[in-house]
Amino acid sequence: QARRKAHGNRSLERRGGGHEPPHLADDVTKELRALARPGKGDLLVKVFADAAGAYLDDDLDEAIRLGEQAKHMALRAPTPRELLGLAYYRAGRWREAARELSAFRRLLGAPDQNPTLADCYRALDKPERAVELCDEVTPQNAGPETYYEANIVAAGALADQGRLDDAIARLEALELQPENAEEHHVRAWYALADLLERRGRFTQAKEWFEAVAAADPDATDAPQRIRRMHLG
């Protein structure tokens, strides 16, 4: 199964809570209107907003239904492809998610969702392709969260191939001791701890699990894994 937490769509935010359609960023509205089929601009904005609202409400079937409609009203628009790909991903429909996120990557010309796309390929038992996609993500073309996620997914794909030492080295090459740890650092710590435990490097694994538990004891099973290691 794919293991990463899907990033949210870059274009959305709730305003006022409830089940109202989300506010769309101005650049997204502009993109949709510019790339919609003739006469479909207003309808596309509404359908996409409704699809996004369903996604945020975890109604993935509705998000997919409306997302497919939005896609066909603007086949060259990257944003509907991103939302649709993420909805398929969260629904566990890896092949459809890979199709849409590949289109998003091609249309946008940037690796914003490469970690999610790579994780689809892991789930489809294509770890080599997953590593290739992760290698496209660099500190120069992506933000820190995306860059760390790419390395976490790449490490998982290397481990899928039995290359545990390479997977560990991939994560150890990251900056893992920042002055102020953020969520992506903690996720890298957990992934590294898991790999170290699998490799039999229990002392180091325990240290990283302890760092994860200290950062947020309720976010993962790190406290339980530390206890099991003590019992073992």
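Just so you know, the residues in each chain are numbered from 1, in the order the chain's sequence is written. Per-residue local features are limited, in this predicted model, to residues with pLDDT of at least 70; the limit for side-chain atom pairs, both in listing and counting, is 80 or more; totals at the level of whole chains, interfaces and linings are taken over all residues. The side-chain values count all of the structure's non-hydrogen atoms but skip hydrogen atoms and water molecules.

A. Up close: the packing of aromatic side chains. Ring pairs are drawn from Phe, Tyr and Trp, using the six-membered ring of Trp, whenever the two centres fall within 6.5 Å, and their geometry is named by plane angle: stacked under 30 degrees, edge-to-face over 60, tilted for the rest. Enumeration according to the criterion identifies four aromatic pairs in this entry. On the basis of an interplanar angle of 70° and a centroid distance of 5.5 Å, the ring pair of Tyr-89 and Trp-94 is categorised as edge-to-face. For the pair formed by Tyr-89 and Trp-94, the shared burial category is buried. Pairing Tyr-190 with Phe-209 gives two aromatic rings, centres 5.5 Å apart and planes at 70°, and the pair type is edge-to-face. With Tyr-190 in helix 10 (residues 183-199) and Phe-209 in helix 11 (residues 202-215), this residue pair connects regions lying 19 residues apart in the sequence. Geometrically, a lysine NZ or arginine CZ counts as sitting over a ring once it is within 6 Å of the ring centre and also within 35 degrees of the ring normal. Cation over ring: Arg-90 sits above Tyr-55, and NZ or CZ is 4.5 Å from the ring centre. Only protein chains enter the area calculation, which uses a 1.4 Å probe; residues under 20% of their type maximum are buried, those over 50% are exposed, and those in between are partly exposed. What counts as a helix is a DSSP run of H or I of at least four residues, what counts as a strand is a run of E of at least two, and both are numbered from the N terminus.

B. Spatial organisation of unusual backbone geometry. A positive phi is found at Asp-58, a non-glycine position, where the angle reads about 65°. Locating Asp-58 in the fold gives a position in the loop between helix 2 (41-56) and helix 3 (60-73). The phi dihedral of Asp-125 falls on the positive side, at around 65°, and the residue is not glycine. Examined against the element boundaries, Asp-125 turns out to sit in the loop between helix 6 (114-123) and helix 7 (127-135). A relative accessible area of 65% places Asp-125 in the exposed class.

C. Structural detail: the pattern of salt bridges. The working definition used for a salt bridge is a side-chain nitrogen of Lys or Arg within 4 Å of a carboxyl oxygen of Asp or Glu. Taken as a whole and assessed by the stated rule, the structure comprises 23 salt bridges. Note that Glu-100 is salt-bridged to Arg-81, the shortest N-O span being 3.6 Å. Taken together, the residues span a long stretch of sequence, with Glu-100 in helix 5 (residues 94-108) and Arg-81 in helix 4 (residues 78-90) at a distance of 19 residues. Neither residue differs from the other here; Glu-100 and Arg-81 are each classed as buried. Here Lys-206 ties to Glu-210 by a salt bridge, and the two come within 2.6 Å at their closest N and O atoms. Separated by four residues within a single helix, Lys-206 and Glu-210 lie in helix 11, roughly one turn from each other. On the basis of relative accessible area, Lys-206 is assigned to the partly exposed category, the value being 23%. Overall, Glu-210 belongs to the partly exposed group, its relative accessible area being 34%. Within the structure, one salt-bridge network assembled from shared partners comprises Glu-68, Lys-71, Arg-81, Arg-99 and Glu-100.

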